[in-house]
Amino acid sequence: IKMGILMANSYDLIVIGGGPGGYAAAIKAAQLGMSVACIEKRVGKKGPALGGTCLNVGCIPSKALLDSSHKYTEAQHDFATHGIGVEKVSFDLVKMMDRKDKIVTQLTGGIEQLFKANGVTWLQGHGKLLAGKKVQVKDTDGNEKTYDAKNVILASGSEPIDIPVAPQDGTHIVSSTGALEFSEVPKRLGVIGAGIIGLELGSVWSRLGAQVTVIEAQEALLPMVDGQVRKEVQKLLKKQNLTIHLGAKVSKAKVDGDVVKVAYTDAKGEQTAEFDKLIVAVGRKVNTDNLFGEGLELTMAERGMVQVDESCRTSIDGVYAIGDLVRGPWLAHKATEEGIVAVEVIAGHKAAMNYDAIPSVIYIHPEVAWVGLTEEAAKENGYDVKTGSFSFAANGRALAANDSNGSVKVVSDVKTDRILGVHIVGPQASEIIMQAVIAIEFAASTEDLQLVCFGHPSLSESLHEAVLAVDNKAIHAAPKRKR
Ligand code: FAD
Ligand code: NAD
């Protein structure tokens, strides 16, 4: 009993935040024999929920709706090409949303089961780091309890940015969270921000019939994407029913009855637009509300992030920070990897992140995916680069699937032949990119991948041909230089 009391008040590791960073860290620590508690305050539709932004209101529900809406589009427009006739294609939004919610519940419940199976204690409530590696938890009834921790991982994640010119009312003007919950398809949907969320959620509602207008402040769309691939993405987006205004700054958005009136300025001057719903998707900010007690010597970084070293150590010995709370891409798998690395370091193991091998994916159709350096960034970094591309239009599997838009581009170093980056727009780019991630993680040369036997017919053969094209050796494309 004494041990039990001791265990309940002190842990080898306390993790604040149960998202993909925090929950993975907690499970990993339990695997390594530590006593672990994870503090998570989120209350989802079915009660308290683990899984963070990603499982509850991010990656998973958005992909559920992207998949449903894509199937609807295929049934409407692509089945006929295959010779399949359907009388009248329709959808039931309530069922579609219900399916999404069930997937969320299944996955968040799954994390709870994994916690139980691994002996991780879930402390429900708000966690606060106090001086001396103490952590205070306040539950929903307001009860407070303080625990001792040998180590703490801060994994409180991020939340949508609010902009004063477009105050959210939760009904007409919403964040990404609200945009996953519309009870009917808005006839006219406005989106502020043509970032990843704007394009993904804009695509969902556009496919379901909304007239979507995206208002983006920057002159260039997706500046982080390789220039050649970006041009292709822009062309493909143009064919879809998304209207994108670039270089357009919103000056005011207000709800008037059931309409959202938006004023913005672009190259042509003052403009106005009316929408039934408006999504604000202008980025995210760290979630550090009431996270820190008095007297902590915690060094902060830009944009409210916690300063960490390459192993996610903060300025306080034994306190780590991971995921959307720290530098690097704000992606679920990056948060998870950092959680694992931090726990390995706590356990005294050698562990390090490789930030050069983190894939990024935009789940529009066709998907956009990349890893490593763009051609532009490689040149800026002083590399002498050689590149190769291959179009899905010459890929048998893509043609068989009637899904042959896009291409694969490989960027390599002339001096060492090492692959520096791979950039894809095309069918299942999110899956194909993982082969490039493995290649880059293993420091593969262009020749290494050229010598691999790829299965036929497969979409991945486009990666093989692109890597062959780097040295002008593609089999199924005319040579870049005449022989
Ligand atoms: P989070 O997932 O934000 O989890 C932090 C958790 O901590 C939250 O549940 C919060 O309730 C809890 N918390 C915060 N403060 C406290 C406190 N003081 N006490 C207790 N609990 C606290 N990324 C991808 O890689 N792929 C995608 O396809 C993708 N799609 C996305 C789609 C949308 C619409 C959004 C919004 C995001 C998407 N992301 C995607 C980003 C991804 O969700 C985040 O990068 C990821 O969730 C970050 O993980 P995290 O563990 O750092 O934080
Ligand atoms: P983002 O940073 O990707 O894009 C925000 C966009 O809004 C930018 O293009 C920016 O120029 C624009 N913008 C900012 N202020 C504006 C204003 N006042 N008016 C008009 N435009 C403005 O952010 P996001 O789309 O909100 O997504 C947030 C983060 O969530 C992403 O960066 C990513 O880390 C994560 N996410 C990832 C995925 C994925 O991996 N598939 C999907 C969704 C979200």
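Check the entry above for the structure.
From a predicted model like this one, the values you see are computed outputs, not experimental measurements.

> Break down helix 7 (residues 196-207) for me, citing the residues and quoting the values.
End to end, helix 7 covers 16 Å across 12 residues, agreeing with the expected 16 Å (1.5 Å per residue, within 8%). Most of helix 7 sits out of view: 10 of its 12 residues are buried. When we look at burial in helix 7, the residues that qualify are Gly 198, Leu 199, Glu 200, Leu 201, Gly 202, Ser 203, Val 204, Trp 205, Ser 206 and Arg 207. Where helix 7 terminates, the next one or two residues include Gly 209, which has phi positive at roughly 120°.

> Tell me about the site of ligand 1, and please be specific about residues and values.
Taken together, 39 residues form the shell around ligand 1, and within it Glu 40, Thr 53, Lys 63, Gly 127 and Ala 332 come nearest. Within the side chain of Arg 42, an N or O atom sits 3.1 Å from an oxygen atom of ligand 1. A distance of 3.5 Å separates a nitrogen atom of ligand 1 from a polar backbone atom of Cys 59. Bound to the protein, ligand 1 loses 94% of the 1,000 Å² it would expose on its own. Contributing elements (two or more residues each) for the shell around ligand 1: helix 2 (20-31), strand 2 (36-40), helix 3 (52-57), helix 4 (59-78), strand 6 (126-130) and helix 9 (332-346). Looking at the shell around ligand 1 element by element, the count peaks at 4 residues for helix 3.

> Tell me what's going on with the site of ligand 2, and back it up with residues and numbers.
The immediate surroundings of ligand 2 are formed by 20 residues, with Ile 197, Glu 216, Gly 283, Trp 330 and Val 361 found nearest. At 3.3 Å, a backbone N or O of Ile 196 approaches an oxygen atom of ligand 2. Surface burial for ligand 2 is 74%, taken as the share of its 840 Å² of free accessible area covered by protein chains. Here the element with the most residues in the shell around ligand 2 is helix 7; it accounts for 3 residues. Across the shell around ligand 2, the residue classes break down as 12 nonpolar, 4 polar and 4 charged.

> Residue-level account of the sheet that holds strand 12 (residues 211-215), with values.
Remark on secondary structure: sheet strands pair via backbone hydrogen bonds, oriented parallel or antiparallel. One open sheet holds the 5 strands; their spatial order is 10-17-11-12-13, and the pairing between them is parallel. Both edges of this open sheet fall to strand 10 (173-174) and strand 13 (242-245), since each of them pairs with a single strand only. Here 4 bridges tie strand 11 (residues 188-192) to strand 17 (residues 277-280), and the two strands are oriented parallel to one another. Bridged to Leu 189 within strand 17 is Lys 277. In this fold helix 7 packs onto strand 11, strand 12, strand 13 and strand 17, with an angle of close to 145° to the strand it touches most, strand 13.

> Can you lay out the nonpolar core for me, pointing to particular residues and giving the numbers?
The nonpolar side chains of a soluble globular protein tend to be buried, and buried together. The biggest cluster of nonpolar side chains holds 36 residues, and the ones touching the most others in it are Leu 189, Trp 205, Val 233, Ile 279 and Val 368. The set of elements that each furnish at least two residues to this core consists of helix 4, helix 5 (93-118), strand 11, helix 7, strand 12, helix 8 (227-239) and strand 21 (367-372). Excluding its chain neighbours within four sequence positions, the residues that come into contact with Trp 205 are Leu 93, Met 97, Ala 179, Phe 182, Glu 184, Val 185, Pro 186, Leu 189, Ala 210 and Val 212. Grouped together as the second largest cluster of nonpolar side chains are 31 residues, Tyr 23, Ala 25, Leu 50 and Cys 312 included.

> An account of unusual backbone geometry is requested, with residue identities and associated values reported.
Put simply, His 365 and Pro 366 share a cis peptide bond, and its omega is -5°. Mapping Pro 366 onto the fold places it in the loop between strand 20 (360-362) and strand 21. The amide bond that connects His 456 to the next residue, Pro 457, takes the cis arrangement and shows omega of -10°. Summarising the element assignment, Pro 457 is placed in the loop between helix 13 (446-450) and helix 14 (461-469). Although it is not a glycine, Cys 312 sits at a positive phi angle of roughly 70°. Here Cys 312 is to be found in the loop between strand 18 (284-286) and strand 19 (319-321). The phi angle at Ala 443 is positive, at roughly 55°, despite the residue not being glycine. Looking at where Ala 443 falls in the secondary structure, it is placed in the loop between helix 12 (429-441) and helix 13.

> An account of the packing of helix 4 against helix 5 is needed here, citing residue identities and associated values.
Here helix 4 crosses helix 5 at 145°, and the two axes come no closer than 9 Å. Here helix 4 runs over helix 5; the crossing is right-handed. Counted together, Ile 60, Pro 61, Ala 64, Leu 65, Asp 67 and Ser 68 of helix 4 and Met 96, Met 97, Arg 99, Lys 100, Ile 103, Val 104 and Leu 107 of helix 5 form the full contact between these two elements. Per-class residue counts for the contact of helix 4 with helix 5 are 9 nonpolar, 1 polar and 3 charged.

> Quick rundown of the environment of Ile 111? Include the residues and the values.
With respect to the secondary-structure elements, Ile 111 resides in helix 5. Once the C-alpha coordinates of Ile 111 and Ile 438 are considered, the two residues, 327 residues apart in sequence, prove to be 27 Å apart. Not counting residues up to four positions away in its chain, the partners in contact with Ile 111 are Tyr 23, Leu 50 and Leu 55.

> So, the pattern of salt bridges: which residues are in play, and what are the values?
Counted according to the given criterion, the structure contains 22 salt bridges. Residue Asp 12 pairs with Lys 150 through a salt bridge whose shortest N-O separation is 3.0 Å. Of this pair, Asp 12 sits in strand 1 (residues 10-16) while Lys 150 sits in strand 8 (residues 144-154); the two residues are 138 residues apart in sequence, bridging distant segments of the chain. For Lys 150, a relative accessible area of 55% gives the class exposed. Residue Arg 188 pairs with Asp 276 through a salt bridge whose shortest N-O separation is 3.0 Å. Taken together, the residues Arg 188 in strand 11 and Asp 276 in the loop between strand 16 (269-275) and strand 17 connect sequence positions 88 residues apart. Looking at Arg 188, the relative accessible area reads 30%, which means it is partly exposed. Several salt bridges converge on common partners, so that one network encompasses Lys 45, Lys 100, Asp 101 and Glu 181.

Calculation criteria
- Residues numbered from 1 in each chain as written.
- Chains lettered and ligands numbered in written order.
- Predicted model: local features only at pLDDT ≥ 70, side-chain atom pairs only at ≥ 80, totals over all residues.
- Heavy atoms only, no water.
- Helix = DSSP H or I, 4+ residues; strand = E, 2+ residues; numbered from the N terminus.
- Expected span 1.5 Å × (residues − 1).
- Buried < 20%, exposed > 50% of the residue type's maximum accessible area, 1.4 Å probe, protein only.
- Near = heavy atom within 4 Å.
- Polar contact = N/O pair within 3.5 Å; in protein donor to acceptor, adjacent residues only side chain to side chain.
- Areas by Shrake-Rupley, 256 points an atom, 1.4 Å probe, with all protein chains shown as cover.
- Nonpolar A, V, L, I, M, F, W, Y, C, P; charged D, E, K, R; others polar.
- Pairing = 2+ DSSP bridges.
- Contact = heavy atoms within 4.5 Å.
- Axes fitted to C-alpha atoms, helices over the stretch in contact; angles between N-to-C directions.
- Core = buried A, V, L, I, M, F, W, Y, C linked by side-chain atoms within 4.5 Å.
- Left-handed = near helix turned anticlockwise from the far one by under 90°.
- Salt bridge = Lys/Arg side-chain N within 4 Å of Asp/Glu carboxyl O.

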